[in-house]
Amino acid sequence: MVITINGGTPGPTILSQQGDTIIVELKNSLLTDNIAIHWHGIRQESIGTPWSDGTEGVTQCPILPGDTFTYKFVVDRTGTFMYHGHYGMQREAGLYGSIIVSLPSGASEPFAYDYVRTIILNDWFHKSTYEEATGLSSIPFVWVGETQSLLINGRGRYNCSLLANPSLGACNVTNPECLHHVATEIPGKTYRLRIGSLTALSALSFQIEGHNFTVVEADGHYVEPFVTKNLFLYSGETYSILVKANQDPSRNYWMTTSVVGREPKTPTGLAILNYYPTHFRKSPSTVPTTGPAWNDTAPRLAQSLAIKALQGSIHTPPPTSDKTIVLLNTQNKIEEHVRWSLNNVSFSIPHTPYLIALKEKLNLSHVFEQKPPPENYDFNNYDIYSVAKNVKATSSNGLYRLKFNSTVDVVLQNANTMTANNSEIHPWHLHGHDFWVLGYGKGKFDITKDVAKYNLVNPIMKNTVPVHPYGWTALRFRADNPGVWAFHCHIESHFYMGMGVVFESGVEKVAKLPSSIMGCGETKSYHRP
């Protein structure tokens with residue numbers, strides 16, 4: 001099943017200028033499903049609208065079938081952003097799109113280009129999200145498996161002969177709607193490609209046949225430019241790259257995406273870079289580029305380390321933090337259910353959204369556990385390279401209460417899963433904030449030696465960051481945006497299985513909540529127009 005927006009997927013790109021107020025009237029026309037939409041990378045800070053973050057169970061009740069809900073927020077920062085479903089696993093069913101925030105008229109970027117193209121990458125499962133969710137929640141556990149296709153602007157490919165009954169006609173590669181996405185370029189011009197990834201599972205490498213390109217933006221922040229032949233993207237990340245159309249204009253070129261970090265069982269994603277006036281349907285005669293080896297972690301870590309803030313656009317981080325939270329990423333079992341956990345605690349979403357419960361001062365003990373999750377793990381005795389001796393974990397919907405305007409360090413520590421010699425990539429996304437990326441490392445984080453290596457000079461600010469296999473990632477943010485904010489792995493099935501936490505700070509400073517976000521859990525009696 002595909003969930004569309006205005007009849008299509010991806011949904012329409014929202015084009016805006018810095019300082020604009022965006023109003024989205026969302027009607028839920030699904031017959032049986034609730035929905036919520038998150039505005040990924042939009043901090044909801046400028047006019048204080050945490051209820052428009054769009055996170056079911058955290059900032060709002062879900063939008064019921066037949067209901068209409070209005071999101072209203074200000075885009076206070078330029079950059080490449082996205083929106084997507086944040087109820088269940090609806091993002092992977094097609095509920096997503098791009099948000100582009102341009103500079104005000106008369107202002108200029110710190111780099112030159114002639115035209116802009118927007119590309120959004122995704123992966124695609126043939127199973128419905130209902131079937132996947134059932135398997136993830138079942139005993140015995142049924143994993144979602146690898147994706148069947150990689151999509152570039154909603155278009156992908158699949159070997160129809162692999163279907164159980166290919167004669168049914170539902171799979172037809174000659175259908176014009178199944179043609180590759182085409183990006184047309186004029187020879188000699190420079191193009192800014194705004195690229196985002198909203199994959200449900202896959203980490204990707206993106207490359208353009210015969211072209212190097214320059215990375216200039218990441219998650220809405222200018223990057224010290226660097227040239228590369230491929231770009232690694234993790235779910236939730238956005239980049240801008242500059243591509244010069246300086247190759248032979250008599251032919252077209254492949255743009256490809258390939259899976260990294262997992263043994264690829266998915267065909268390479270294909271699109272065409274079309275050199276005008278060559279016909280846009282003329283496929284390149286070359287074999288599509290497959291990208292780097294899927295299990296080579298060195299270039300992925302090297303790219304992470306290469307991304308620094310542009311000189312002249314550096315936001316210097318506070319020199320020290322007030323609190324450090326270390327989150328050990330592990331796979332566990334709770335009563336034979338397979339879960340993902342942080343410090344041996346697996347997250348569960350409450351029926352009453354945290355923002356409403358805290359702001360309206362409901363009986364909190366009825367809403368969520370009052371004991372916060374642990375802030376660290378048994379560093380000295382835990383072996384990150386082996387399956388845990390005891391894989392049992394607990395479940396909680398408790399949250400971290402942070403002092404408003406305090407500076408918080410979070411260290412994400414990766415470890416072995418419940419499968420021997422296996423550690424997975426986890427892209428982590430923070431709602432409501434950007435954070436400084438202070439460092440990446442291999443192995444177990446050393447709170448003394450590794451802290452001394454933090455980049456406090458020119459760290460990039462981002463909202464999504466990977467933690468590499470058997471490695472760690474350190475970030476710092478200031479808890480200066482009043483509200484309640486999710487922080488979670490951006491892989492759909494991992495968050496569904498408990499891989500997330502929630503931060504609260506300054507909720508007493510939040511303005512009066514609109515009644516339209518209420519109506520579930522302990523707020524069923526509240527008026528909801």
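Keep in mind that this is a model prediction, so the values were computed, not measured. (Residues numbered from 1 in each chain as written. Predicted model: local features only at pLDDT ≥ 70, side-chain atom pairs only at ≥ 80, totals over all residues. Heavy atoms only, no water.)

K.L.:
Please clarify how the pairing of strand S29 (residues 483-489) should be interpreted in this entry.
P.N.:
Here is the key point about a regular strand: its side chains alternate between the two faces of the sheet. Burial analysis of S29 places seven of its seven residues in the buried class, the great majority of the element. Alignment of strand S24 (residues 426-430) against S29, held across three bridges, turns out to be antiparallel. In the strand pairing of S29, Trp428 is matched with Cys489. Pairing analysis gives six bridges linking S29 to strand S30 (residues 500-505), with the strands arranged antiparallel. Bridge assignment links Gly483 to a residue of S30, and that residue is Ser505. (Buried < 20%, exposed > 50% of the residue type's maximum accessible area, 1.4 Å probe, protein only. Helix = DSSP H or I, 4+ residues; strand = E, 2+ residues; numbered from the N terminus. Pairing = 2+ DSSP bridges.)

K.L.:
When you look at the sheet that holds strand S13 (residues 221-228) in this model, what are you seeing that I'm missing?
P.N.:
Two orientations exist for strands paired in a sheet by backbone hydrogen bonds: parallel and antiparallel. The strand order across the open sheet formed by six strands is S8-S7-S10-S15-S12-S13, and the pairing between neighbours is mixed. Both edges of this open sheet fall to strand S8 (149-152) and S13, since each of them pairs with a single strand only. The sheet shows a mean angle of 25° between the axes of neighbouring strands, direction not considered. Sheet topology note: the strand S12 (residues 213-218)/S13 ladder contains five bridges and is antiparallel. When the bridges of S13 are listed, Val215 appears paired with Phe226. (Axes fitted to C-alpha atoms, helices over the stretch in contact; angles between N-to-C directions.)

K.L.:
I would appreciate a short explanation of the pattern of salt bridges in the present structure.
P.N.:
Side chains that differ in sign of charge can pair as their charged atoms come close. Throughout the structure, instances matching the rule amount to 17 salt bridges. Asp219 is paired through a salt bridge with Lys462; the nearest N and O atoms lie 3.0 Å apart. Taken together, the residues span a long stretch of sequence, with Asp219 in the loop between S12 and S13 and Lys462 in strand S26 (residues 461-462) at a distance of 243 residues. Both residues of the pair, Asp219 and Lys462, count as buried. (Salt bridge = Lys/Arg side-chain N within 4 Å of Asp/Glu carboxyl O.)

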